[in-house]
Amino acid sequence: MNWSRLFTTSLLLSTLLAVGAAVWLWVLPVEVFQQRAIERAGADPYARLEAVGSTEAMVWLGRGLLPAVALLITWGLLRSRSCSAGWPGRPRSG
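Rules behind the numbers
- Residues numbered from 1 in each chain as written.
- Predicted model: local features only at pLDDT ≥ 70, side-chain atom pairs only at ≥ 80, totals over all residues.
- Heavy atoms only, no water.
- Helix = DSSP H or I, 4+ residues; strand = E, 2+ residues; numbered from the N terminus.
- Buried < 20%, exposed > 50% of the residue type's maximum accessible area, 1.4 Å probe, protein only.
- Polar contact = N/O pair within 3.5 Å; in protein donor to acceptor, adjacent residues only side chain to side chain.
- Phe/Tyr/Trp six-rings, centres within 6.5 Å; stacked < 30°, edge-to-face > 60°.
- Lys NZ or Arg CZ within 6 Å of the ring centre and 35° of its normal.

Participant: Hey, could you go over the side chain of threonine 55 for me, with residue numbers and the actual values?
Facilitator: Positionally, threonine 55 belongs in helix α3 (residues 45–85). The buried category is assigned to threonine 55, whose relative accessible area is 16%. Side-chain polar atoms of threonine 55 contact the backbone oxygen of alanine 51, separated by 2.6 Å.

Participant: Can you tell me about the packing of aromatic side chains, naming the residues and giving the values?
Facilitator: A full pass over the atoms with the stated rule returns two aromatic pairs. When the centroid spacing of 5.3 Å and the interplanar angle of 85 degrees are considered together, the rings of tryptophan 24 and phenylalanine 33 count as edge-to-face. Judged by relative accessible area, which is 49%, tryptophan 24 ranks as partly exposed. For the pair tryptophan 26 and tryptophan 60, a centre-to-centre distance of 5.8 Å together with 85 degrees between the ring planes defines the contact as edge-to-face. One end of the pair, tryptophan 26, is in helix α1 (residues 3–27); the other, tryptophan 60, is in helix α3, with 34 residues separating them in the sequence. Among the residues examined, tryptophan 60 registers a relative accessible area of 43% and is labelled partly exposed. Arginine 63 extends its terminal NZ or CZ atom over the ring of tryptophan 26, reaching a point 4.9 Å from the ring centre. Cation over ring: arginine 63 sits above tryptophan 60, and NZ or CZ is 4.6 Å from the ring centre.

Right under this line is the structure:
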């Protein structure tokens, strides 16, 4: 099994997932997530208030952290390719 290729593929898929989630969070307004939280909270007004607040906090946290995570994963992907090219245990082609 080629572990370098598996590692690179997993980093690439993680990058695509993080970028897709970040775009999804930025495209949809906060109110969409808040409305879903209100529907799930029930009839208690304090539960609704807490659901709206925590949902907005999580959306803004995701909007801030997901692009940073995507950049870190991309950096790891580029770093893994440069490290594996000079790895002495790598079998030589040819």
